[in-house]
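A look at the structure
For reference, the chains in residue letters:
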Amino acid sequence: MLWQILVFFGTFCFMEFMAWFSHKYIMHGFLWSLHADHHKKDHDSWFERNDAFFIFYAVVSMTFFLLWRYDYFALGLAIGLGIFAYGWTYFLVHDIFIHQRFKLFRNANNRYARAVRRAHKMHHKHVGKEHGECFGMLFVPFKYFKN
């Protein structure tokens, strides 16, 4: 049981690295065509092409659940739940708290919340795929905590 808990938290933390890596090198790289509408909306739909990345990670998470369910991989549940928990956290922070796709958590006003918003605002100041910064989500550079 301890291994599953450690793997869950390790996976959750590793997903922050994966979010940073895929955001910097994939979304702002060869799959910019899917991510571009997140920086500069070019349609009237509530959905973005960028949402395909959520679907990809959901499929990865479900694959680990299935590997565990059918006894192919004992730690599959812990990894699948870690990916799911990170995805849910990312959705709450990025889509709800920062971009207000649902009008919730509008008044969160503490140092961490301000730093997350400030870092993400700096990321979106660049509407093209080059010259970006702050590609992660939960681990914010210290410079954004300053007043």
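See the structure shown above.
The present account deals with the structure reproduced in this document.

Each value, and the rule that gives it
Residues numbered from 1 in each chain as written. Predicted model: local features only at pLDDT ≥ 70, side-chain atom pairs only at ≥ 80, totals over all residues. Heavy atoms only, no water. Helix = DSSP H or I, 4+ residues; strand = E, 2+ residues; numbered from the N terminus. Expected span 1.5 Å × (residues − 1). Bend = angle between axes of the 7 residues up to and from the residue. Buried < 20%, exposed > 50% of the residue type's maximum accessible area, 1.4 Å probe, protein only. Contact = heavy atoms within 4.5 Å. Salt bridge = Lys/Arg side-chain N within 4 Å of Asp/Glu carboxyl O. Patch = residues over 30% accessible without salt bridge, like charges linked within 9 Å, V, L, I, M, F, W, Y side chains within 5 Å. Areas by Shrake-Rupley, 256 points an atom, 1.4 Å probe, with all protein chains shown as cover. Axes fitted to C-alpha atoms, helices over the stretch in contact; angles between N-to-C directions. Parallel < 35°, antiparallel > 145°, perpendicular 65-115°, else oblique. Left-handed = near helix turned anticlockwise from the far one by under 90°.

**Observations regarding helix H1 (residues 2-30)**
- The end-to-end C-alpha distance of H1 is 39 Å, a good match for the 42 Å that 29 residues give at a rise of 1.5 Å each.
- His-23 marks where H1 bends most, by close to 35 degrees.
- Along H1, the residues that are buried comprise Val-7, Thr-11, Phe-12, Met-15, Glu-16, Ala-19, Ser-22, His-23, Met-27, His-28 and Gly-29.
- For H1, the secondary structure elements touched by its buried residues are helix H2 (32-39), helix H3 (52-69), helix H4 (76-98) and helix H5 (111-124).

**Brief notes about the pattern of salt bridges**
- Within this structure, the stated rule accounts for one salt bridge.
- Asp-42 is the partner of Arg-49 in a salt bridge, and the nearest nitrogen-oxygen pair spans 3.0 Å.

**Considerations on a nonpolar patch on the surface**
- There is a patch of nonpolar side chains on the surface, built from Phe-14, Phe-17, Trp-20, Phe-21 and Tyr-25 and spanning about 480 Å² of accessible area.
- Among the structural elements, Trp-20 can be located in helix H1.

**Examining the packing of H3 against H4**
- Running from N to C, H3 and H4 cross one another at 155 degrees; their axes reach a closest spacing of 7 Å. Relative to H4, the element H3 lies roughly antiparallel. Crossing angle aside, the handedness with which H3 passes H4 is left-handed. Residues Phe-54, Tyr-57, Val-60, Ser-61, Phe-64, Phe-65 and Trp-68 of H3 lie in contact with H4, whose contacting residues are Gly-76, Leu-77, Ile-79, Gly-80, Leu-81, Ile-83, Phe-84, Gly-87, Tyr-90 and Asp-95.

**Structural notes on the environment of Phe-47**
- Assignment of secondary structure puts Phe-47 in the loop between H2 and H3.
- Taking the C-alpha atoms as reference, Phe-47 lies 20 Å from Phe-84; in sequence the two are 37 residues apart.

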